Amino acid sequence: MANLLVTGGAGFIGANFVHYWREQHPGDQIVVLDSLTYAGNRANLAGVNAVELVEADIRDEDTATTLLRDRAIDTLVHFAAESHVDRSIHGPDAFIDTNILGTHSLLKAARTVWLSGDGKPHRFHHVSTDEVYGSLGPDDAAFSETTPYSPNSPYSASKAASDHLVRAYHHTYGLQVTTSNCSNNYGPYQFPEKLIPLFLINALHGRALPIYGDGMNVRDWLHVEDHCRGIEAVLQRGRVGETYCIGGGEELANLTVIDTLCAAVDAAFAGDPGLAQRYPDAPAARGLPTDSLKTWVKDRPGHDRRYAIDETKARDELGYRPARDFKAGFAATLAWYIANEPWWRSILDGSYRDWVEANYAGRG
Ligand code: NAD
Ligand code: TYD
């Protein structure tokens, strides 16, 4: 039995991880540490048994220290972060504060509690991104654990800095750490600022689908549940001090993702006449193709061209393989968003609308 502290467990991937872990490991203790920023949502944890949510900032070292000590935590899974590239372009400070200083504060707390006294086995697992490796050309080899860091956005630079701090706490102090660098996730509970949920919700409302640049940027898409299984594999079988790249093995150009999404929305409306009544502004409700909403807008500054993951190490050492391909994962995700309208409806409030206005103003 393990005692887990999950930071950022009320966000997209963290909440999926809590759902997944509770199902797979019903006897474990799970405490979530989350400050509930715009991206954190108590509702993401609704229906999960026996999970305690502590509303606090990861930069609050005293709270982290107390939690680690008083709840006898042996496994810290660190998701909490500012995670959206576009927001990091508009306001990098929060990324430096949370992703670098916040991670450092957790490392200090872990060192205080775990490395003093009898030095019991423990694990600090750091959840990171493939974006720390920079951008690939069309013929470059995919990212692996030995690819030099070359972050291009304030988001990826702050995640790179946090990765280095985690590594340093292992080498210098002997903290038992692992890090996973994962590709783009999609699935339930993803905040509708990221490509897939934003475009789905826009499509249902007949709003433009804003494609940055030429739409040919490539991402390696992974269903979030496969990411959770990858983290579980690292926790159970990963070697302390190592990093593992986790990917979907499915490199897709944005336009391919968007065309898949548009066709899936058309098919959903064709198969369920009730959808036209629920979403009368959707083109599909009027017999028009969803892809009529595609709109090319000004590119994101410094937009990375291609990400791809070579997952050989995770496969060979951990036996990790993603279970879903994009087609199956995407169909399940579309069904989830249609079935869970109250979840996303509650997010589309004033602050969300302000963000959309700020990000897309001047791109048209
Ligand atoms: P998210 O933005 O959906 O959730 C982040 C969570 O962290 C939220 O619940 C938020 O309230 C919490 N948080 C933010 N600042 C905090 C602070 N100072 N103190 C406490 N809690 C705080 O992010 P996500 O997409 O779920 O990403 C989770 C992690 O996975 C991040 O570390 C991200 O870098 C990494 N990652 C994400 C992806 C992806 O495709 N989304 C891919 C690879 C890696
Ligand atoms: P995003 O979901 O923000 O993830 P990341 O930037 O971390 O890869 O974006 C995925 C891709 O989709 C990326 O190439 C940018 C592009 N994109 C758009 O074309 N339009 C949009 O409105 C958004 C949010 C993203």
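With respect to the packing of aromatic side chains
- Evaluation of the coordinates by the stated rule reveals 19 aromatic pairs.
- Members of the aromatic cluster, connected to one another through ring pairs, are Tyr-133, Phe-143, Tyr-149 and Tyr-307.
- The ring of Trp-355 has Arg-87 sitting right over it, with the charged end atom 4.5 Å from the ring centre.

Let's talk about the pairing of strand E5 (residues 123-129)
- Of all seven residues in E5, seven are buried; the element is thus mostly enclosed.
- Along E5, one buried face is formed by Arg-123, His-125, Val-127 and Thr-129 and the opposite face, lined by Phe-124, His-126 and Ser-128, is buried too.
- For the handedness criterion, the β-α-β arrangement of E5, helix H5 (residues 154-173) and strand E6 (residues 177-182) is classed as right-handed.

Here we look at the site of ligand 1
- In the region of ligand 1, 29 residues are neighbours, and Ile-13, Asp-34, Ser-83, Tyr-155 and Lys-159 sit closest.
- Contact between ligand 1 and Ile-13: an oxygen atom at 2.7 Å from a main-chain N or O atom of the residue.
- In the model, a nitrogen atom of ligand 1 is placed 3.1 Å from a nitrogen or oxygen of the Thr-98 side chain.
- Contributing elements (two or more residues each) for the shell around ligand 1: helix H1 (12-24), E5 and H5.
- With three residues, the single largest contributor to the shell around ligand 1 is E5.
- Residue composition of the shell around ligand 1, by class: 13 nonpolar, 12 polar and four charged.

What to know about the site of ligand 2
- As a structural note, the neighbourhood of ligand 2 is formed by 20 residues, with Glu-131, Arg-219, Arg-300, His-303 and Tyr-360 the closest of them.
- Contact with the protein chains covers 97% of the free accessible surface of ligand 2, which is 510 Å².

Focus: the environment of Asn-152
- Looking at where Asn-152 falls in the secondary structure, it is placed in the loop between E5 and H5.
- A residue is classified by how much of its surface remains accessible, and Asn-152, at 43% relative accessible area, is partly exposed.
- Asn-152 sits 90 residues away from Asp-62 along the chain, and the two C-alpha atoms are 33 Å apart.
- Aside from chain neighbours lying at most four places away, what touches Asn-152 is Gly-134, Ser-135 and Asp-304.
- A distance of 2.7 Å separates polar atoms of two side chains, one belonging to Asn-152 and the other to Asp-304.

Quick notes on the rules
Residues numbered from 1 in each chain as written. Chains lettered and ligands numbered in written order. Predicted model: local features only at pLDDT ≥ 70, side-chain atom pairs only at ≥ 80, totals over all residues. Heavy atoms only, no water. Phe/Tyr/Trp six-rings, centres within 6.5 Å; stacked < 30°, edge-to-face > 60°. Lys NZ or Arg CZ within 6 Å of the ring centre and 35° of its normal. Buried < 20%, exposed > 50% of the residue type's maximum accessible area, 1.4 Å probe, protein only. Helix = DSSP H or I, 4+ residues; strand = E, 2+ residues; numbered from the N terminus. Right-handed = clockwise from strand over helix to strand, strands pointing away. Near = heavy atom within 4 Å. Polar contact = N/O pair within 3.5 Å; in protein donor to acceptor, adjacent residues only side chain to side chain. Nonpolar A, V, L, I, M, F, W, Y, C, P; charged D, E, K, R; others polar. Areas by Shrake-Rupley, 256 points an atom, 1.4 Å probe, with all protein chains shown as cover. Contact = heavy atoms within 4.5 Å.

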